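# Coordinate inspection notes
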Amino acid sequence: MTVTIYHNPACGTSRNTLAMIRQSGEEPVVIEYLKTPLSRHELAALIAKMGVPVRDLLREKGTPYSELGLGDQSLSDGQLLDAIVEHPILMNRPIVVGAKGAALCRPSERVLDLLPNPDIGLFTKEDGEVVPARGQAG
């Protein structure tokens, strides 16, 4: 199965996750979801595959989250989906889908649980943080 990343190149976590995927030997399908937004159906299917509540996918920082009143706990999943479809920046990232499942990869090293070859050796994130090789203490 191909690895797919829903990516925002302006996001350091997303860039780090993409680099980790590539360091594992995979060349993923990269979907820049701000340029190619997901349909409501695609988004709902992705969230179902992740097995998380819709609310867990919402990003607050740098988005119209507050202006849209999305903190209102009475909003339905359908209303939240509609908001994300209307404003794709509300979708937290990066999301990675692979043979081992789908997940929001925050922090970026969560991607290792989804990769066929998680042994990528030492990895240094853009901010200088070192992710130890699998099986090594940090």
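Since the structure is predicted, the reported quantities are computational estimates derived from the model, not experimental observations.

### Describing the environment of C11
As for its placement among the helices and strands, C11 is situated in the loop between β1 (4-7) and α1 (12-23). If sequence neighbours within four positions are ignored, C11 has contacts with R93 and R106.

### Thoughts on empty space enclosed by the protein
Here the structure, examined in full by the defined rule, presents one cavity of 30 Å³ or more. Quantified by volume, the largest cavity comes out at close to 60 Å³. Lining of the largest cavity is provided by Y33, P37, L38, L43, I84, V85, P88 and M91. The class makeup of the residues in the lining of the largest cavity is eight nonpolar, no polar and no charged.

### Examining unusual backbone geometry
Of note, the amide linkage connecting R93 to P94 takes the cis form, showing an omega dihedral of -5 degrees. Position of P94 among the secondary structure elements: in the loop between α3 (77-86) and β3 (95-98). Of note, the bond from R106 into P107 is cis; its omega dihedral lies within 30 degrees of zero at 0 degrees. Mapped onto the fold, P107 is located in the loop between β4 (101-104) and β5 (123-124).

### Remarks on the pairing of strand β2 (residues 29-32)
One ladder, built from four bridges, connects β1 with β2; its direction is parallel. Within β2, the residue paired with H7 across the bridge is E32. You can see the chain leave β1, run along α1 and come back into β2, and the turn it takes is right-handed.

### Quick notes on α1
Helix length check: α1, at 12 residues, gives a terminal C-alpha distance of 16 Å against a target of 16 Å (1.5 Å per residue), a fit within 8%. Among the residues of α1, S14, N16, T17, L18, M20 and I21 are the ones counted as buried. Looking one or two residues beyond α1, the residue adopting positive phi is G25, at roughly 100 degrees.

### Some remarks on the side chain of R93
Following the sequence through the fold, R93 ends up in the loop between α3 and β3. This buried residue, R93, is left without a salt bridge; E126 holds the nearest opposite charge, at 11 Å. Excluding its chain neighbours within four sequence positions, the residues that come into contact with R93 are Y6, N8, C11, S14, Y33, R59, L104 and R106.

Scoring rules and cut-offs
- Residues numbered from 1 in each chain as written.
- Predicted model: local features only at pLDDT ≥ 70, side-chain atom pairs only at ≥ 80, totals over all residues.
- Heavy atoms only, no water.
- Helix = DSSP H or I, 4+ residues; strand = E, 2+ residues; numbered from the N terminus.
- Contact = heavy atoms within 4.5 Å.
- 1 Å grid on protein atoms, 1.4 Å probe; cavity = no way out; pocket = protein on both sides within 12 Å on 5 of 7 lines; lining within 4 Å.
- Points joined across faces, edges and corners; volume = space filled by probe spheres on them.
- Nonpolar A, V, L, I, M, F, W, Y, C, P; charged D, E, K, R; others polar.
- Pairing = 2+ DSSP bridges.
- Right-handed = clockwise from strand over helix to strand, strands pointing away.
- Expected span 1.5 Å × (residues − 1).
- Buried < 20%, exposed > 50% of the residue type's maximum accessible area, 1.4 Å probe, protein only.
- Lys, Arg positive; Asp, Glu negative; His and termini not counted.
- Salt bridge = Lys/Arg side-chain N within 4 Å of Asp/Glu carboxyl O.

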